[in-house]
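Inside the fold
One-letter residues, chain by chain:
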Amino acid sequence: VQLQASGGGSVQAGDSLRLSCAASGRTFSSSAMGWFRQAPGKEREFVATIRWSGSKIYYSDSVKGRFTISIDNAKNTVYLQMNSLKPEDTAVYYCAADLSPGYSVHVADWKYDYWGQGTQVTVSS
């Protein structure tokens, strides 16, 4: 399994970015995908998650209403559209795959089986 995250960059507060996570190596149709982030000196935190079917989506309170997670099945890619970015969104963003079947989504990072390499997002005020 490979997860390739991309799309990070340096932007101004209020700008938008779209992160992509290309998944390969197996069938993900019964999986869930998540985005996490880790700021310098802080623990990794949950951002958003989605069942591959799109049947369930969940966001952290800190990004709800500003970020949107989605999946393009044809491209086997998960996206994180980030709008109204704030300096506190600055972090390395990671995508992850939770291979457990079912209908639940999880916010705990230990529930995820595979991780991408991370992409840096820097938001300046």
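Below you will find a few notes about this structure. In this text the structure is predicted, and so the values were computed from the model without any measurement. (Residues numbered from 1 in each chain as written. Predicted model: local features only at pLDDT ≥ 70, side-chain atom pairs only at ≥ 80, totals over all residues. Heavy atoms only, no water.)

**A few points about the sheet that holds strand β7 (residues 67-72)**
On the basis of which strands lie adjacent, the open sheet formed by four strands has the order β1-β3-β8-β7 and antiparallel pairing. Two strands close off the open sheet at either side, each with one partner strand: β1 (2-6) and β7. Recorded for the sheet is a direction-independent mean angle of 15° between the axes of neighbouring strands. (Pairing = 2+ DSSP bridges. Helix = DSSP H or I, 4+ residues; strand = E, 2+ residues; numbered from the N terminus. Axes fitted to C-alpha atoms, helices over the stretch in contact; angles between N-to-C directions.)

**What about the pairing of strand β5 (residues 45-51)?**
Taken across its seven residues, β5 has six buried, putting it largely inside the fold. Linking strand β4 (residues 32-38) back to β5 in an antiparallel pair, the connection comprises six residues, with Gly41 at a positive phi of about 80°. Pairing of β5 with strand β6 (residues 57-59), which is carried by three bridges, proceeds in the antiparallel orientation. Its bridge partner lying in β6, Ile50 is registered against Ile57. Here β5 folds back onto β6 in antiparallel fashion, the turn holding five residues, of which Gly54 has a positive phi close to 85°. (Buried < 20%, exposed > 50% of the residue type's maximum accessible area, 1.4 Å probe, protein only.)

**Focus: the environment of Tyr59**
Mapped onto the elements, Tyr59 comes out in strand β6. Separated by 29 residues in the primary sequence, Tyr59 and Glu88 have C-alpha atoms spaced 16 Å apart. Once residues lying within four places of it in the same chain are set aside, the contact partners of Tyr59 are Phe46, Val47, Ala48, Lys64, Phe67, Thr68 and Ile69. In this structure the side chain of Tyr59 is engaged in a polar contact, spanning 2.9 Å, whose partner is the backbone nitrogen of Ile69. (Contact = heavy atoms within 4.5 Å. Polar contact = N/O pair within 3.5 Å; in protein donor to acceptor, adjacent residues only side chain to side chain.)

**Some details on the packing of aromatic side chains**
Here the structure, examined in full by the defined rule, presents six aromatic pairs. Between Phe36 and Tyr112, the ring centres sit 5.1 Å apart and the planes meet at 80°, which makes this aromatic pair edge-to-face. Taken together, the residues Phe36 in strand β4 and Tyr112 in the loop between β9 (91-98) and β10 (114-115) connect sequence positions 76 residues apart. Judged by relative accessible area, Phe36 falls into the buried class, the value being 1%. Its relative accessible area of 5% is what places Tyr112 among the buried residues. (Phe/Tyr/Trp six-rings, centres within 6.5 Å; stacked < 30°, edge-to-face > 60°.)

**As for the pairing of strand β11 (residues 119-124)**
Where burial is concerned, the two faces of β11 differ: the one with Thr119, Val121 and Val123 is buried and the one with Gln120, Thr122 and Ser124 is not. Across four bridges, the pairing between strand β2 (residues 9-12) and β11 is parallel. Bridged to Gly9 within β11 is Val121.

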